[in-house]
Amino acid sequence: MSTVTLDKDLPAVHKSPAVRKSPARRLAGAAVALVLVVGAAISLVPFVWMAIASTHSTSELFRSPPPFLPGGQLLDNLARLEETIGFSRVMLNSIGIALVHTALSALISAMCGYGLAKFRFRGRGLLLGVILATMMIPFQVLLVPLFQMMASLGWVNSYQAVILPFLASSFGILLMRQGFLDFPDELLESARIDGSSELRTFYTVVLPCVRPQLGALVIFTFMSAWNSFIWPLLMLNSEDKYTVPVALNTLTGLSRVDHSGLMLGSLLATLPLMILFLCFQRQFVSGLLGGAVKQ
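One structure accompanies this document, and this report is about it.

The rules behind the values
Residues numbered from 1 in each chain as written. Predicted model: local features only at pLDDT ≥ 70, side-chain atom pairs only at ≥ 80, totals over all residues. Heavy atoms only, no water. Phe/Tyr/Trp six-rings, centres within 6.5 Å; stacked < 30°, edge-to-face > 60°. Helix = DSSP H or I, 4+ residues; strand = E, 2+ residues; numbered from the N terminus. Buried < 20%, exposed > 50% of the residue type's maximum accessible area, 1.4 Å probe, protein only. Lys NZ or Arg CZ within 6 Å of the ring centre and 35° of its normal. Axes fitted to C-alpha atoms, helices over the stretch in contact; angles between N-to-C directions. Parallel < 35°, antiparallel > 145°, perpendicular 65-115°, else oblique. Contact = heavy atoms within 4.5 Å. Nonpolar A, V, L, I, M, F, W, Y, C, P; charged D, E, K, R; others polar.

## A word on the packing of aromatic side chains
Aromatic ring pairs: the centre-centre distance and the angle between the two ring planes describe each pair. What the rule picks out here adds up to nine aromatic pairs. Seen from their ring centres, F139 and F166 are 5.7 Å apart, and the 50 degrees between their planes marks the pair as tilted. Of this pair, F139 sits in helix α6 (residues 139-153) while F166 sits in the loop between α7 (159-163) and α8 (170-181), placing them 27 residues apart in sequence. The class of F139 is partly exposed, set by a relative accessible area of 29%. Ring centres 6.1 Å apart and planes at 50 degrees place the aromatic pair F180 and F202 in the tilted group. Of this pair, F180 sits in helix α8 while F202 is found in helix α10 (residues 198-206), placing the two residues 22 residues apart along the sequence. One exposure class covers both F180 and F202, and it is buried. Among the aromatic side chains, those forming a connected cluster through ring pairs are Y114, F119, F180, F202 and Y203. The ring of Y159 carries K241 above its face, with NZ or CZ at 5.9 Å from the centroid.

This is the structure in structure tokens:
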């Protein structure tokens, strides 16, 4: 029978005093945690009030003191919102526009970023500078020429006029380019030697490796398309084609404002954004950190 002996001469492993947190560091960590908790609570106050206000009538919101507990007018407000602006229809309009815009914009940004990162051609630096320069052009400067362009094409009051003009995003191209710069060229050469085409290499080899940046881009693009107000307001004239921000704006009249309807509509409009962020939060954080890596 074999016996196991313990070497009593081996030194005992103790936690180094330098690794232990001093009381000062613990106090500092507790203070930081307290500040974060307070900041998170303050940031949640508007959402909590919006949820409470959506369950009351407009007259109840302006009484003194204001209500701090949920009321019983939620179903009535929802029915009135549906009757007034057709909220379910405008939600479907916004979801369709945002999904199509996000998919096409992410694809275009990924392909442009890949070309700028992995292909060598004359004028690449100039093209990159032009893309950077377009980020400094105010959106308001583009409204008049874009409107004239859409009117000349006969696209006013159409969904393509809302979706197509802003598919090529400078921010998206630069974000995806930064992600593609870290991709090793050796893998591209191996795929080309094996006979893979450029499109197949892009979709099956390169694109899956930049999922963090792509996830962050999807969130940013969807939020931008979902919250867009000025451009859909200019392009869409029919109420059955309105998006959520444009439709909610119609609840604000000259003599009367449906505050409870606005609160309920705004609360429901935030749900798709929250679901999207919860699905892509890991890619969102990783994409931001990946985009911060220098070349």
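## A short note on the packing of helix α4 (residues 87-118) against α10
At a minimum axis separation of 12 Å, α4 and α10 run at an interaxial angle of 110 degrees. In terms of axis orientation, α4 runs roughly perpendicular to α10. Residues L107, A110, M111 and Y114 of α4 lie in contact with α10, whose contacting residues are E198, L199, F202, Y203 and V206. The residue inventory of the contact of α4 with α10, partitioned by class, reads eight nonpolar, no polar and one charged.

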